[in-house]
Amino acid sequence: MTDIAPLRDFVLHFTRLVDRDLPPLALQTEGAALLRDLVEEDRWLPDAFARPHPEHYCQYLLHCDPLERFSVVSFVWAPRQKTPLHDHRVWGLIGMLRGRESETQFVREADGTFSATGSTFLEQGDVASLAPGVNDYHQVANAIEDRTSVSIHVYGGNIGGVRRASYDPATGQEKVFISGYSSDVVPNLWDRSLNAKAI
Ligand code: FE
């Protein structure tokens, strides 16, 4: 059995962080440090939230703040799975828990089309950030050919309910979507009889 305590601690500390009402950049900087601690060790994510699907990548809700100020999601990528080019419209943090991802950033040109500005690889333990108006357009892929990769994302809203868009980079054509989540259950953070570690 996994020990869920690191995720419970993360949720507690992130809730305290958003309670401070910091400007977005400061919130992201401090939040990135919390996320770095969470993904440093890969021992807490229950298997049900790390399960790939053969046909598409999965996004499992791990926690949503009751006021929907932030959400925590595990993204699970089987080999060769990738997102389309998309936006978020809220700030985001990506922490690499398992495997390796490639992230390609895009800018929107005056004519509405998109140009790639570069690709980076996220290795286990790395954290990257996204912000509307700064770097909100990207495409993400599993960068390992024969293994599942898992990343933990934190967003400044209930990301599964945010109305946002994917794009055809060549034409700029926009397709509105609301992603939802891959499961209708979330991990139980609160059973303190299981290997309990008091907060
Ligand atoms: Fe994204």
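Now for a look at the structure at hand.

Reading guide: rules and limits
Residues numbered from 1 in each chain as written. Predicted model: local features only at pLDDT ≥ 70, side-chain atom pairs only at ≥ 80, totals over all residues. Heavy atoms only, no water. Donors = N, O, S within 2.8 Å, 3.2 Å for Na, K, Ca; no water. Helix = DSSP H or I, 4+ residues; strand = E, 2+ residues; numbered from the N terminus. Buried < 20%, exposed > 50% of the residue type's maximum accessible area, 1.4 Å probe, protein only. Pairing = 2+ DSSP bridges. Axes fitted to C-alpha atoms, helices over the stretch in contact; angles between N-to-C directions. Contact = heavy atoms within 4.5 Å.

Regarding the coordination of the iron ion
Every protein donor of the iron ion is listed here as His86 (NE2), His88 (NE2) and His138 (NE2), and their distances to the metal cover 2.1 Å. Coordination of the iron ion draws on donor residues from a single chain, spaced H-x1-H-x49-H in sequence. With His88 in the loop between strand E3 (85-86) and strand E4 (92-98) and His138 in strand E8 (residues 138-142), the pair connects residues that are 50 residues apart, well separated along the chain. Side by side, His88 and His138 carry an identical accessibility label, which is buried.

So, the environment of Asp47
Following the sequence through the fold, Asp47 ends up in the loop between helix H2 (24-40) and strand E1 (58-64). Sequence separation between Asp47 and Ala141 is 94 residues; the distance between their C-alpha atoms is 21 Å.

Some points on unusual backbone geometry
If a residue is not glycine, its phi is most likely negative; likewise, a peptide bond is most likely trans. For Asp21, which is not glycine, the phi dihedral falls at a positive 55 degrees. Mapped onto the elements of the fold, Asp21 is located in the loop between helix H1 (5-19) and H2. Here Glu68, not a glycine, exhibits a phi torsion of approximately 55 degrees, which is positive. Its place among the elements puts Glu68 in the loop between E1 and strand E2 (71-77). On the basis of relative accessible area, Glu68 is assigned to the partly exposed category, the value being 46%.

Topic: the sheet that holds E2
In any sheet, the strands associate via hydrogen bonds between backbone groups, in a parallel or an antiparallel arrangement. Reading across from one edge, E1-E2-E9-E4-E7 is the order of the five strands in this open sheet, with antiparallel pairing throughout. Of all the strands in the sheet, just E1 and strand E7 (127-130) have a single pairing partner and so form its edges. Going from strand to strand, the sheet's axes swing by 25 degrees on average, the running direction of each strand aside. Two strands pair when backbone bridges link them, and E2 and strand E9 (residues 149-155) are joined in this way by seven bridges, in the antiparallel orientation. Bridge pairing links Val73 to His153 in E9. In this fold H2 packs onto E4, E7 and E9, with an angle of close to 15 degrees to the strand it touches most, E4.

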